[in-house]
Each structure stands twice: as structure tokens, then as C-alpha cells.
Amino acid sequence: MPCNHYRAAISARATGTPLPVAVTEQALDHHLTSCLSCGRWSKHLTTLRAATDDLLRRRRPAGAPPKPV
């Protein structure tokens, strides 16, 4: 399976949405250990997501909903 299918699954995992039907959790984990490019991409995405969430938490005005819509 091409990396773009796994990258869609990586994005889904990072956002907490369901993985694409063609990719299982086990297959994704295996691919991440065997494909250095996707492994790096996953780490960068996770870091970016954490930084963005942190920034949103610090800039959220009092009384705002806990997550952006």
C-alpha cells in the first residue's frame, strides 16, 4: 500500500477520527516502524498538533468552548 494511504491514517489518528477502512491500527503501527519517512512525518504532525492545541488553550478567552468548532 502506498504511503499516502498511511499518511491519511496518520492524520486521522492525530485528530482522533476513524482510520480509513483500508488501514488497520496494526498495519499503521507496522508501517510507521518500517517507513522512516512516514515515521518522521507522524512525529512532525504530532508535534505540530500539540503545539497548536497548546496555543489555542493559552489564547482561548474565558467562557469560550473547550474546543474550536
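In this text, all values refer to a predicted model and were calculated from it rather than measured experimentally.

Caption draft 1: A look at the nonpolar core. Tyr6, Ala9, Ile10, Ala12, Leu19, Val23, Leu28, Leu32, Cys35 and Cys38 form the largest nonpolar core, which has ten residues in total. Within the residue set of this core, elements represented by two or more residues are helix H1 (3-15) and helix H2 (25-34). Examining the composition of this core, we find that four residues originate from one element, H1, more than from any other. When residues no more than four places from it in sequence are discounted, the contact partners of Cys38 are Cys3, Arg7, Ile10, His31 and Leu32.

Caption draft 2: Molecular detail of H2. Within H2 the residues assigned to the buried category are Leu28, His31 and Leu32. One side of H2 carries all its buried residues, which in axial view fall inside an arc of 100°. With respect to the buried face of H2, the exposed residues turned more than 90 degrees away are Gln26, His30 and Thr33. Structurally, H2 contributes buried residues whose contacts are with H1 and helix H3 (36-59).

Caption draft 3: Geometry of the environment of Ser42. Examined against the element boundaries, Ser42 turns out to sit in helix H3. Residue Ser42 is classed as buried on the basis of its relative accessible area, which comes to 15%.

Caption draft 4: Expanded view of H3. Between the first and last C-alpha of H3 there are 35 Å, a value that for 24 residues agrees with the 34 Å anticipated at 1.5 Å per step. Taken as a whole, H3 has its buried residues at Cys38, Gly39 and Ser42. Those residues of H3 that are buried lie in contact with H1 and H2.

Caption draft 5: Looking closely at the packing of H2 against H3. Orientation of H2 relative to H3, taken along the N-to-C sense of each, is 105°, at an axis distance of 5 Å. Classed by the angle they form, the pair H2 and H3 counts as roughly perpendicular. In this structure, H2 uses His31, Leu32 and Ser34 to contact H3, whose residues at the interface are Leu36, Cys38, Gly39 and Ser42. For the contact of H2 with H3, a count of residues per class yields three nonpolar, four polar and no charged.

Calculation rules
- Residues numbered from 1 in each chain as written.
- Predicted model: local features only at pLDDT ≥ 70, side-chain atom pairs only at ≥ 80, totals over all residues.
- Heavy atoms only, no water.
- Core = buried A, V, L, I, M, F, W, Y, C linked by side-chain atoms within 4.5 Å.
- Buried < 20%, exposed > 50% of the residue type's maximum accessible area, 1.4 Å probe, protein only.
- Helix = DSSP H or I, 4+ residues; strand = E, 2+ residues; numbered from the N terminus.
- Contact = heavy atoms within 4.5 Å.
- Arc of directions from axis to C-beta.
- Expected span 1.5 Å × (residues − 1).
- Axes fitted to C-alpha atoms, helices over the stretch in contact; angles between N-to-C directions.
- Parallel < 35°, antiparallel > 145°, perpendicular 65-115°, else oblique.
- Nonpolar A, V, L, I, M, F, W, Y, C, P; charged D, E, K, R; others polar.

From the geometry alone we can't say anything about function, so treat these as descriptive.
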